[in-house]
Amino acid sequence: MMSHHRIAVFDLDDTLYHEHDYVVSAFSYIARDLSHRYALDYDAMVGTMMSAGNPFDNLLRYISHTATPITEDVAWLVDTYRNHPPTLELSADAKRTIEMLQAHNVELAIITDGRVTSQNNKIKALGLNLIVKPENIIVSEAVEGDKLSGKPFELLVAQAGPDNEYTYIGDNPAKDFVWPNRHNWTTIALADTSGINIHRQEWDKFPAINRPRHIVDNLLDIVPLIVKPNIVN
């Protein structure tokens, strides 16, 4: 018989870390690789990719202006971006939030949309694979359905049991909260206070079903919404 738990289910990108950091990591990896293979300037390549426009078109245009013959093309750049081993780190607030939830016996899970290799590389780089049970890490590509399909959430509930207290913590109103709201989960959005999230949080442009019950400015603020306020240390 399955026991009753509180389960905090996290989105990954722009919730547990800034996806902008993954972009910087990928661009740095690509520039470092190309600078080692060819006589190309690392800083110039990173700056070119970070500038406005398509980063890889920009990069290949810059390289063509240096008259350096290379064999790498857009397909190689995209593949390297998606599959590179990223350099990422949980923020101090994310680490403390996880510690506080664990201290109150809240089970952790991750539901994230994306490719298996890319998302698992991020999870490993952040050390989350050492914190969250493997069966509680669900990537949309692996289950052949994204958050809006409901498949990742349905799989977690099937594995963990329907009678738990579920909370979903995310950032994207387009897809993060629809299924959890329909199934009476507590839903919490981490506000984009830095203004660098990949997906803009234009809450008023979405129907009520897309909006979270709570919006917090700091990840630590989710703790009293999941555990009883009078027992939060």
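About the criteria used
- Residues numbered from 1 in each chain as written.
- Predicted model: local features only at pLDDT ≥ 70, side-chain atom pairs only at ≥ 80, totals over all residues.
- Heavy atoms only, no water.
- Helix = DSSP H or I, 4+ residues; strand = E, 2+ residues; numbered from the N terminus.
- Polar contact = N/O pair within 3.5 Å; in protein donor to acceptor, adjacent residues only side chain to side chain.
- Pairing = 2+ DSSP bridges.
- Axes fitted to C-alpha atoms, helices over the stretch in contact; angles between N-to-C directions.
- Contact = heavy atoms within 4.5 Å.

A. Broad picture of the side chain of His84. Of note, His84 is situated in the loop between helix H4 (74-83) and helix H5 (92-103). Reaching out from His84, the side chain makes a polar contact with the side chain of Ser25 at a distance of 2.9 Å.

B. Representation of the sheet that holds strand S5 (residues 186-190). Read across the sheet, six strands follow the order S3-S2-S1-S4-S5-S6 without closing on themselves; strand pairing throughout is parallel. Whereas interior strands pair on both sides, the edge strands pair on one side only; in this sheet they are strand S3 (137-139) and strand S6 (214-216). Strand-to-strand twist in this sheet, taken as the mean axis angle between neighbours without regard to direction, amounts to 20°. Judged from the three bridges that link them, S5 and S6 form a sheet pairing that is parallel. Each residue of the ladder has a partner; that of Ile188, found in S6, is His214. Across the sheet, helix H6 (residues 116-125) is in contact with strand S2 (107-112) and S3; its angle to S3 comes to roughly 145°.

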